[in-house]
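A look at the structure
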Amino acid sequence: MICVGLADDAPLFTAGLAMILDAQPDMRVLWQAIDGADTIRQHDAAPPDVILLDIQMPTLDGLAAAQRLITEQTRSKIIMLTTFDTDAHILTAVESGAAGFLVKNTPPDDVVAAIRTIHSGDAIISPGATRKLFATFRRGPGNAPATASSSDIHMAAQLTPRERGILVLIAQGRTNQEICDELWLSMPTVKTHIGNLRAKTHSRDRVQLALFALRLGIAGLS
C-alpha cells in the first residue's frame, strides 16, 4: 500500500485528488495539509511514502517545506505540484531534491501513474516542465550555453556505448518500458544499466541523469 500525503491551500483540490487516490487499490491518503508548516507537522506525525506538495502556499511555501523535509532526511518521496511551470520553480524543485514535478492540469491517471513511479524509486517531471528545464540547461547562466565540467567529462568517459545510448533516451523522457521496446532489452537489463549510470555519474535519479546528458550535449533534443 502506497501511503500519500497531500498539501495544497485549496481544500477542494486536495479533497478531489484524495477521492481519486483512495479509489486506487494500492493507495491510501494519510492526510491533507493546508500549507507548508501544516505539511511538516503532519509529516512528523505520520510520514507517508509520497507527498504531493503544492509550490504556492501561504505561511510556508512548498519549496521551503520540501527543502526542510529533505534536509531532515525524510524518507518520503516528494512530488511538487503546481499551476506554474516556470524555469525557476523547476530548477529549485530539482535542486532541492524533489523526486518529481507535475503541473496541476496533469490528467488524474498520469498523477496516479507518477505516484507509482516515484514510489518504485524513479523520478518524473511533467512534459511541459521538462521542456522548460531542458531549455534552461541549454542556455545556462546569462543565456550562455550550458557546459560540462571536467568531472562530467571524466564520468562520461567511463560509460559503455550501451549506457550512453540509454542515457540519451532517459534525457529524452523515455520510460523504462519504452527503452526496453526501442533497444530490444529486458526490463531487468535496463534497470541494471540505469543503476550503473546512476552510480557512475553520481546521480540521485533519472532527472539528474537527464541533466547530466544535457550538460554533455548528448541529449539528442532539438
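Remember, predicted model here, so these are calculated numbers, not experimental data.

Brief notes about the overall build of the protein
Tallying secondary structure elements over the protein gives 11 helices and 6 strands in all. Relative to its 222 residues, the protein shows a buried fraction of 46%. Contacts in the protein between residues far apart in sequence, at least 24 positions, make up 63% of those at least 6 positions apart.

Observations concerning the environment of Ala-157
Positionally, Ala-157 belongs in helix α7 (residues 150-157). Taking the relative accessible area as the measure of exposure, Ala-157 reaches 60% and is therefore exposed. Spatially, the C-alpha atom of Ala-157 lies 9.9 Å from that of Lys-200, the residues being 43 residues apart in sequence.

Brief notes about the confidence of the model for the protein
Interpretation of the predicted coordinates at a detailed level should be avoided for regions scoring low in pLDDT. Residues of the protein with pLDDT of at least 70 account for 83%, and the chain-wide mean is 84. Note that residues 140-145 has pLDDT below 50 and, in this model, 5 contacts with residues that lie over four places away or in other chains.

Concerning the environment of Ile-218
Topologically, Ile-218 is positioned in the segment after α11 (206-216). Judged by its relative accessible area of 16%, Ile-218 falls in the buried class. Taking the C-alpha atoms as reference, Ile-218 lies 9.3 Å from Gly-165; in sequence the two are 53 residues apart. Not counting residues up to four positions away in its chain, the partners in contact with Ile-218 are Arg-164, Leu-167, Val-168 and Ala-213.

What to know about the pairing of strand β2 (residues 27-33)
Inspection of the sheet shows strand β1 (residues 2-7) paired to β2 by 6 bridges, in the parallel sense. Within β2, the residue paired with Val-4 across the bridge is Val-29. Once you follow β1 into helix α1 (residues 11-22) and on to β2, the crossover reads as right-handed.

Focus: the pattern of salt bridges
When their charged atoms lie close together, side chains carrying opposite charge are able to pair. Summed over all chains, the structure comprises 6 salt bridges. A salt bridge links Asp-26 to Arg-116, with the shortest nitrogen-to-oxygen separation between them at 2.8 Å. Of this pair, Asp-26 sits in the loop between α1 and β2 while Arg-116 sits in helix α5 (residues 108-119); the two residues are 90 residues apart in sequence, bridging distant segments of the chain. Look at Arg-116 and you get partly exposed, because its relative accessible area is 31%. Taking the shortest distance from any N to any O, the salt bridge between Glu-72 and Arg-68 comes out at 3.4 Å.

Let's talk about α7
Among all positions in α7, only Asp-152, Met-155 and Ala-156 are buried. What you see down the axis of α7 is that its buried residues fit within an arc of 100 degrees, all on one side. For α7, the exposed residues lying more than 90 degrees away from the buried face are Ser-150, Ile-153, His-154 and Ala-157. Here the buried face of α7 lies against α8 (161-171), α10 (187-201) and α11.

Quick notes on the packing of α8 against helix α9 (residues 176-183)
Interaxial distance between α8 and α9 falls to 10 Å at its minimum, and their mutual angle equals 130 degrees. Viewed along their axes, α8 and α9 adopt a mutual orientation that is oblique. For α8 against α9, the interelement crossing comes out right-handed. Of the residues in α9, those touching α8 at Arg-162, Ile-166, Leu-169 and Ile-170 are Ile-179, Glu-182 and Leu-183. Looking at the contact of α8 with α9, its residues break down into 5 nonpolar, no polar and 2 charged.

Some words on the packing of aromatic side chains
Counted according to the given criterion, the structure contains 0 aromatic pairs. Above the face of the Phe-13 ring, Lys-104 is positioned so that its terminal group lies 4.8 Å from the ring centre.

What counts and what doesn't
Residues numbered from 1 in each chain as written. Predicted model: local features only at pLDDT ≥ 70, side-chain atom pairs only at ≥ 80, totals over all residues. Heavy atoms only, no water. Helix = DSSP H or I, 4+ residues; strand = E, 2+ residues; numbered from the N terminus. Buried < 20%, exposed > 50% of the residue type's maximum accessible area, 1.4 Å probe, protein only. Contact = heavy atoms within 4.5 Å. pLDDT = per-residue confidence, 0-100. Pairing = 2+ DSSP bridges. Right-handed = clockwise from strand over helix to strand, strands pointing away. Salt bridge = Lys/Arg side-chain N within 4 Å of Asp/Glu carboxyl O. Arc of directions from axis to C-beta. Axes fitted to C-alpha atoms, helices over the stretch in contact; angles between N-to-C directions. Parallel < 35°, antiparallel > 145°, perpendicular 65-115°, else oblique. Left-handed = near helix turned anticlockwise from the far one by under 90°. Nonpolar A, V, L, I, M, F, W, Y, C, P; charged D, E, K, R; others polar. Phe/Tyr/Trp six-rings, centres within 6.5 Å; stacked < 30°, edge-to-face > 60°. Lys NZ or Arg CZ within 6 Å of the ring centre and 35° of its normal.

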